[in-house]
Structures are given as C-alpha cells and as structure tokens.
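If you want the building blocks of each chain, they are given just below.
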Amino acid sequence: MSNDKKIKIGEVGIYDARQLGIPRMLILGIQHTFAMFGATVLVPILTGLDVSTTLLMAGLGTLLFHLITKGKVPAFLGSSFAFLGGYSAVAPRLADGAANTEMLPYACGGVLVAGFVYVVMSALISVFGIRRIMRFFPPVVTGPIIISIGLILAPSAITNASENWLLAFIALAVIVICNIWGKGMIKIVPILIGIVVSYIVAIFMGEVNFEAISSSQVFAMAPLSLPKFSFSAVVTIMPIALATMMEHIGDMAAISATTGKNYLNDPGLHRTLLGDGLATSLSALGGGPANTTYGENTGVLALTKVYDPRVMRIAALVAIILSFFPKFGAAIETVPSAIIGGVSFMLYGMISAIGIRNVVENKVDFTQSRNLIIAAVILVSALGFNSIGGITFQVGYFTINLSGLAIAAIAGIVL
C-alpha cells in the first residue's frame, strides 16, 4: 500500500479496509486468528472438549454475533474461561486425566441454558432502555474495568514468555519495530510478522516440536454432540452467566473506546448481549464450550487501527476452515508458548492503555475523592479476587462463582 489513507473518528485514526483490498484483509483476518487461537484451544484442552469442534463453534458463533449486531461490532468470540469452574464441577476429569465423556454433555446443557440468560437480559434492556442501564457505567467505572481486563490477562503473558525469554523478546521487538517504523501493510500486520519471524528463530533453536503435525489427520469433520440436561448441572453452570455478562459489558466498553464508536448505543447492548448469548448456546448445542468476546483481538484492533468488522468475519471463516483440517490446527499449536507470551505482552498492555485513554478522554476528575474510591475499589477487587479464583457462594440450590472482574463491575455499579 503506497499511501496510508486514514479516516479520522474523533482523535482515533483508522485504516479504511476498503482501501486495503481483499488480499490484505485476508492477511489481517489470519492475524486475528493467530491472536485468538491459543486461548480458544486451551479451554477444550483443559475441559476435555474437542479442539476442532471448539474452532468450528467459535467461527460460527462469531458469524452469528455479527449477524445479530448488524455487522457493526469488530469482535471475535472465542472460548470463555469463566465457565471452567462449571465444567470442573459437573464434568471433572477422570483419575487418569482422561476427559469425562459421560458428564461433558450435561455441562454443555448447562452452558446452553446459561446462554439464554443473556437473551433474557437483552429483552429487559430492550424494554427498559439502554440509558437506564448505562447510567450505571460512567467512564469512572468503565475505564478502570478496561484497565483491569488487561492487567488480569498480564500474568499469563509473563508465564508464557518465561518459557523462553529470548523468543518472547524477539516476537515483541519485531511487533514494536514493524508498528512504529513499518510502512504500508507491514505497519498493520505486525503481530503476524512477529509470530513468523520468531517462529523461524524457534525452529533453528530446536524449540518447535512437529510431532503433533505428523500424528494428526489432514482432513476430518469436527465431531458434534448434542447436550444433555440435568437440574444439578443447569443450576451449577447457569448462574455463571450473571458474571460473564458483566465481563461482556466491559469488553464492549473496551472495543468502543478502541474504535471511537459507542457500540453500547449502536447497535446497542441488547444486541451484543443477544449475540453473545446465542453464540454460547449454539456452541453448547454442538458440543463446544461457552463463547465470549476476546480481549486478545481488541488488543490487535488497538495496535493495527483497522476496525472493519469484516476482518473479524474473515477470522471466523479461517477458524471454521481450520476445524476441518486438524493438521493445520496442529501446525498452529506448534508455535512455542514463549512466542505467544511475547505477543500477549503487547496486546494485554494495549487493553489496559485503552482503559487509561478512556479515563483521560472523558476527563474523569481524580481530585474528587468519590472518583478515587470507585477506581480504587474496582482495581483491587478485579486483581485481588482474580488472584484467588473469585468468590463462590450458595444461594439456595444455586452455586454462584463470581470472577474478580464481575465483582469489580458490581462494586463499581453499587458505588
């Protein structure tokens, strides 16, 4: 691209994807696929669900989300970590570490019902209006929540990077160099270039294990399985939706702050919640994990400044295609975790930086004790409770687990 044409939205510069053309948009979509892949496949690895099914449902769920949100929100929906506690409670792995195939369908049944909790909340917002809901989410609340999202993710970046600091540093350095001094397409696909360059270095260092590629099939249909239902599984998993809806609002606020567009108003929080909930139910219907909007991809948006939702839909199609080619998925899995750590180092930091920018641009006055207290409680709640796995308590027959981010959101709303 000889000239970097931009459209200005407020003070946020974005590249017009129409100027990029289809080939470049395909590369951008693949870049988003790399960003989401590690976290998305980690959930089925931890729970015993199928990786190919997970990729298929992430792609289909993202496309469904875009359909419901009128194709306006640049979001990718991948596997949700918030439901891991529910899976471990309903379908814990067997003594030998094997997947609990007998109980996993019941866990999926609980996730399917949890998705419909989003639908109910969406209907309530449609009836009572977004203004009545969003007045509880002023910038002094949303800003620290966005900051917390990045800081909560940060330890995983350090953990992965510590596997090989040299590879992590190479990936990070290439991303920084390409983004700051790169021209044209190099400037807007720094993550993809960073992964490729560091991956080549990793091969020469002997850090890449190709066994998974040789042992996997070239082509295979993703296995689908229908959910089953039990009262205990439903009441264990369904309340988790109350916490993840709070996280959803934080993610939407982060994407809005990144792009300079208020997606909570247009297409509306009721549509984004509906899309997220139905994507989760659809995934569970086919035997996949719960879906959620991904902070990793928000970090890519902030870095590349390409906000066209069509790029996310391309990433969704790539995920669907990968689900039919286990060998390609296995190839991506060979990327050393240290490289993922180096990439995440940048992306997670970008999310927190977006939160800071959100506070600054909205001129939140921290000379007021009220604003200081709200921000302080949100930050400590999010990071502190997250470090101990949130809090779990019983309400009648219901076991509710609130993540640190959900507790922070609730505390911010109340204050």
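Residues numbered from 1 in each chain as written. Predicted model: local features only at pLDDT ≥ 70, side-chain atom pairs only at ≥ 80, totals over all residues. Heavy atoms only, no water.

1. Details of the overall build of the chain
Each helix and strand counted, the chain has 20 helices and six strands in total. A compact globule built from 415 residues would reach a C-alpha radius of gyration of about 22 Å, and the chain, at 21 Å, matches this within 12%. Once the C-alpha set of the chain is aligned to its principal axes, its extents read approximately 60 × 55 × 40 Å. Looking at the chain residue by residue over its 415 residues, the buried ones come to 54%. Counting contacts in the chain only where the partners sit at least 6 residues apart, residues at least 24 apart contribute 81% of the total. Accessible area of the chain: about 17,600 Å², with a carbon and sulfur share of 68%. Looking at charge distribution, the chain has the averaged site of its 23 positive side-chain charges lying 14 Å from that of its 18 negative ones. (Helix = DSSP H or I, 4+ residues; strand = E, 2+ residues; numbered from the N terminus. Rg over C-alpha atoms; globule rule 2.2 N^0.38 Å. Buried < 20%, exposed > 50% of the residue type's maximum accessible area, 1.4 Å probe, protein only. Contact = heavy atoms within 4.5 Å. Areas by Shrake-Rupley, 256 points an atom, 1.4 Å probe, with all protein chains shown as cover. Lys, Arg positive; Asp, Glu negative; His and termini not counted. Charge placed at Lys NZ, Arg CZ, Asp CG, Glu CD.)

2. Digging into the nonpolar core
In terms of nonpolar packing, the biggest core is built from 101 residues, with Phe-76, Phe-83, Tyr-87, Ile-191 and Ile-339 touching the most fellow members. In this structure Ile-339 touches Leu-167, Ala-171, Ile-195, Ser-198, Tyr-199 and Ala-202, once residues within four positions along its chain are discounted. (Core = buried A, V, L, I, M, F, W, Y, C linked by side-chain atoms within 4.5 Å.)

3. What about a nonpolar patch on the surface?
Residues Leu-42, Ile-45, Leu-46 and Phe-81 make up a contiguous nonpolar surface patch of about 330 Å² in total accessible area. When you line up the elements, Phe-81 lands in the loop between strand E3 (77-79) and helix H4 (84-90). You can call Phe-81 partly exposed: its relative accessible area is 36%. (Patch = residues over 30% accessible without salt bridge, like charges linked within 9 Å, V, L, I, M, F, W, Y side chains within 5 Å. Salt bridge = Lys/Arg side-chain N within 4 Å of Asp/Glu carboxyl O.)

4. Overview of the packing of helix H8 (residues 165-181) against helix H18 (residues 337-361)
Orientation of H8 relative to H18, taken along the N-to-C sense of each, is 40°, at an axis distance of 7 Å. Overall, the two elements H8 and H18 adopt an arrangement that is oblique. Handedness of the crossing formed by H8 with H18: right-handed. Contacts from Leu-167, Ala-168, Ala-171, Leu-172, Ile-175 and Val-176 of H8 reach H18 at Ala-338, Ile-339, Gly-342, Val-343, Phe-345 and Met-346. (Axes fitted to C-alpha atoms, helices over the stretch in contact; angles between N-to-C directions. Parallel < 35°, antiparallel > 145°, perpendicular 65-115°, else oblique. Left-handed = near helix turned anticlockwise from the far one by under 90°.)

5. Quick notes on unusual backbone geometry
The omega angle of the peptide bond from Asp-266 to Pro-267 is 15°, so this bond is cis rather than trans. One can find Pro-267 in helix H14 (residues 264-285). Non-glycine residue Lys-305 carries a positive phi angle of around 60°. With a relative accessible area of 33%, Lys-305 lands in the partly exposed category. Unusually for a residue other than glycine, Lys-363 sits at a positive phi of about 55°. If you trace the backbone, Lys-363 turns up in the loop between H18 and helix H19 (369-387). Overall, the relative accessible area of 72% leaves Lys-363 in the exposed class.

6. Here's the deal with the packing of aromatic side chains
Under the defined criterion, the tally for this structure stands at two aromatic pairs. Ring centres 6.3 Å apart and planes at 15° place the aromatic pair Phe-219 and Phe-324 in the stacked group. With a gap of 105 residues between them, Phe-219 in the loop between helix H11 (211-215) and helix H12 (231-237) and Phe-324 in the loop between helix H16 (309-323) and helix H17 (326-333) connect regions that are remote in the sequence. For Phe-219, a relative accessible area of 48% puts it in the partly exposed group. Accessibility expressed as a relative area gives 21% for Phe-324, which makes it partly exposed. Measuring from ring centre to ring centre gives 5.5 Å for Phe-219 and Phe-325, while their planes differ by 70°; the resulting arrangement is edge-to-face. Placement of the pair is Phe-219 in the loop between H11 and H12 and Phe-325 in the loop between H16 and H17, with a sequence separation of 106 residues. Under the relative-accessibility criterion, Phe-325 is labelled partly exposed at 26%. Taken together, Phe-219, Phe-324 and Phe-325 form an aromatic cluster joined through their ring pairs. (Phe/Tyr/Trp six-rings, centres within 6.5 Å; stacked < 30°, edge-to-face > 60°.)

7. As for the environment of Pro-227
Within the secondary structure layout, Pro-227 lies in the loop between H11 and H12. Residues Pro-227 and Pro-326, 99 residues apart in the sequence, show an inter-C-alpha distance of 23 Å. The residues touching Pro-227, leaving out its near neighbours within four places in the chain, are Pro-105, Cys-108, Gly-109, Leu-112, Ala-284 and Leu-285.

8. Concerning helix H3 (residues 51-68)
Helix length check: H3, at 18 residues, gives a terminal C-alpha distance of 26 Å against a target of 26 Å (1.5 Å per residue), a fit within 8%. Along H3, 13 of the 18 residues are buried, which leaves the element largely enclosed by surrounding structure. A positive phi of about 60° marks Lys-70, the residue just after H3. (Expected span 1.5 Å × (residues − 1).)

9. Things to note about the confidence of the model for the chain
Summarising the model, the chain shows a mean pLDDT of 85, and 92% of its residues fall at 70 or more. Within the chain, the lowest mean pLDDT, 36, falls on strand E1 (residues 6-9), and the highest, 96, falls on H3. (pLDDT = per-residue confidence, 0-100.)

10. What to know about the layout of surface pockets
The volume enclosed by the largest pocket comes to roughly 1,400 Å³. The class makeup of the residues in the lining of the largest pocket is 26 nonpolar, 17 polar and four charged. (1 Å grid on protein atoms, 1.4 Å probe; cavity = no way out; pocket = protein on both sides within 12 Å on 5 of 7 lines; lining within 4 Å. Points joined across faces, edges and corners; volume = space filled by probe spheres on them. Nonpolar A, V, L, I, M, F, W, Y, C, P; charged D, E, K, R; others polar.)

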